[in-house]
Amino acid sequence: MAPKTGASVLDLGCGKGGNLAHITALGARAVGVDISLAQIKAAEARWSDTGMVLHRTDATRYLKEGGEQFDAVFSVFGAAWFTDPAVLLPAIRRRLRPGGVFAFSHRPPIEGCYGCQASYINRSEDEDPLVVKRWDYEPDRWVETLTEHGFTAAGARLVPAPSGRRKIGTLVVRAHG
Ligand SMILES: C[S@@+](CC[C@H](N)C(=O)[O-])C[C@H]1O[C@@H](n2cnc3c(N)ncnc32)[C@H](O)[C@@H]1O
């Protein structure tokens, strides 16, 4: 994203805030949103001295309720994976400055399993697993979807896994508002 000093950057599903901390180190104004109280508390505990601003809420809700404009919006294995793009993409465009960057990453889809997929995240032994939906598209489909929603210069590519035991790479998607 290469944010300039003073640029405003929003992370959707910021988790414990490590990526936002990097953004603040580059001199940008960082805002993070996460639906999980535990994640937001962990980010506050670790990074309160960086000046990052954190909100505990759903990403779409945050985007729809506020008016602040951002130079860049990003999501690393975050809300952009777990939210229907038909709902999320218009909400992001409303908050991106003209020409601003939207970038996100997550695992690539499993062959033959495209679109909305159900997944279970284990919690404690006494609780049912958390049911989540995620949206898995191939790179070409992401480019089409972003373009249909008015984004420009959309691009998507698969970054191979670093050498080691892991074999699954990362899908990286980027477009302009
Ligand atoms: C796999 S973690 C990644 C966290 C962080 N981006 C990172 O790279 O370390 C996914 C995060 O997305 C958050 N998340 C998922 N759906 C969300 C939503 N609709 N709104 C806000 N946060 C969401 C989860 O609470 C979780 O913290």
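In every chain, residue numbers begin from 1 and rise along the written sequence. In keeping with the predicted nature of the model, local features appear solely for residues at pLDDT of at least 70, side-chain atom pairs appear and are counted solely at 80 or more, and the whole-chain, interface and lining totals rest on all residues. For the side-chain quantities, the full set of heavy atoms in the structure was used; hydrogens and water were omitted.

**Description of the site of the ligand**
Basically, it comes down to this: For this purpose, a residue is taken to be near a molecule or strand whenever a single non-hydrogen atom of the residue falls within 4 Å of it. Pairs of N or O atoms are called polar contacts if they sit within 3.5 Å, as long as, within protein, a hydrogen donor faces a hydrogen acceptor (for residues adjacent in sequence, only side-chain-to-side-chain pairs). Using the Shrake-Rupley algorithm and a 1.4 Å probe, accessible areas are obtained, with residue cover drawn only from the displayed protein chains. Residues are grouped as follows: Ala, Val, Leu, Ile, Met, Phe, Trp, Tyr, Cys and Pro are nonpolar; Asp, Glu, Lys and Arg are charged; all remaining types, including Gly, are polar.
In the vicinity of the ligand there are 17 residues, among which Gly13, Asp34, Asp58, Ala59 and Val76 approach most closely. In this structure, Asn19 approaches the ligand through a side-chain N or O atom, which is 3.2 Å from an oxygen atom. Here an oxygen atom of the ligand sits 2.6 Å away from a polar atom, N or O, in the side chain of Asp34. Burial of the ligand by the protein chains amounts to 73% of its free accessible area of 600 Å². A per-class count over the shell around the ligand returns seven nonpolar, eight polar and two charged.

**Re the pattern of salt bridges**
A pair can form between side chains of opposite charge whenever their charged atoms are brought close. Just so we agree on the cut-off: For salt bridges, the criterion is a side-chain nitrogen of Lys or Arg within 4 Å of an Asp or Glu carboxyl oxygen. In this text, helices come from DSSP runs of H or I with a minimum length of four residues, and strands from runs of E with a minimum of two, each type numbered from the N-terminal end. Exposure categories follow from relative accessible area, calculated using a 1.4 Å probe and restricted to protein chains: below 20% of the type maximum is buried, above 50% is exposed, and the middle band is partly exposed.
With the rule as written, the count across this model stands at four salt bridges. One salt bridge in this structure joins Glu68 and Arg29, with 2.1 Å as the shortest N-O distance. Taken together, the residues Glu68 in the loop between helix 3 (59–65) and strand 4 (70–76) and Arg29 in strand 2 (residues 29–34) connect sequence positions 39 residues apart. Accessibility expressed as a relative area gives 37% for Arg29, which makes it partly exposed. A salt bridge links Arg97 to Asp71; the nearest nitrogen and oxygen atoms lie 3.0 Å apart. One end of the pair, Arg97, is in strand 5 (residues 96–106); the other, Asp71, is in strand 4, and 26 residues separate them in sequence. The exposure class of Arg97 is partly exposed, given its relative accessible area of 34%. With relative accessibility at 28%, the residue Asp71 sits in the partly exposed group.

**Let's talk about the side chain of Thr83**
Selection criterion: Between two residues, a contact is recorded if the distance between any of their heavy atoms is within 4.5 Å.
As for its placement among the helices and strands, Thr83 is situated in the loop between helix 4 (79–82) and helix 5 (85–95). A relative accessible area of 11% means that Thr83 is categorised as buried. Separated by 2.7 Å, the side chain of Thr83 and the backbone oxygen of Ala79 make a polar contact. In this structure Thr83 touches Thr60, Leu88 and Trp135, once residues within four positions along its chain are discounted.

**Here we look at the environment of Gly27**
Inspection of the secondary structure assignment puts Gly27 in the loop between helix 1 (18–25) and strand 2. Residue Gly27 is classed as partly exposed on the basis of its relative accessible area of 30%. When the C-alpha positions of Gly27 and Asp136 are compared, they lie 33 Å apart, and in sequence the two are 109 residues distant.

**Considerations on the layout of surface pockets**
The cut-off we apply is this: Only protein atoms enter the calculation, which uses a 1 Å grid: trapped sets of points that fit a 1.4 Å probe without letting it out are cavities, open sets showing protein on both sides within 12 Å along at least five of seven lines are pockets, and any residue with an atom within 4 Å of a point is a lining residue. Grid points are joined across faces, edges and corners, and a volume is the space filled by probe spheres set on the points.
There is about 540 Å³ of room inside the largest pocket. In terms of lining, the largest pocket is formed by 21 residues, of which the most central are Asp34, Ile35, Gly78, Ala79 and Phe82. If you list the elements that add at least two residues to the lining of the largest pocket, you get strand 2, helix 4, strand 6 (115–121) and strand 7 (130–136). For the lining of the largest pocket, the leading source of residues is strand 7, giving four residues. Its residues placed into classes, the lining of the largest pocket shows 10 nonpolar, seven polar and four charged. When its volume is computed, the second largest pocket comes out at roughly 230 Å³. Every residue lining the second largest pocket is counted, 15 residues in all, and those nearest its centre are Met1, Phe74, Val76, Ala103 and Phe104. Contributing elements (two or more residues each) for the lining of the second largest pocket: helix 1, strand 4, strand 5 and strand 9 (170–176). Residue classes in the lining of the second largest pocket are distributed as 10 nonpolar, four polar and one charged.

**Side note on empty space enclosed by the protein**
Enumeration over the complete set of coordinates arrives at one cavity of 30 Å³ or more. The calculated volume of the largest cavity comes to roughly 30 Å³. No other element matches the three residues that helix 5 contributes to the lining of the largest cavity. The residue makeup of the lining of the largest cavity, split by class, is seven nonpolar, no polar and no charged.

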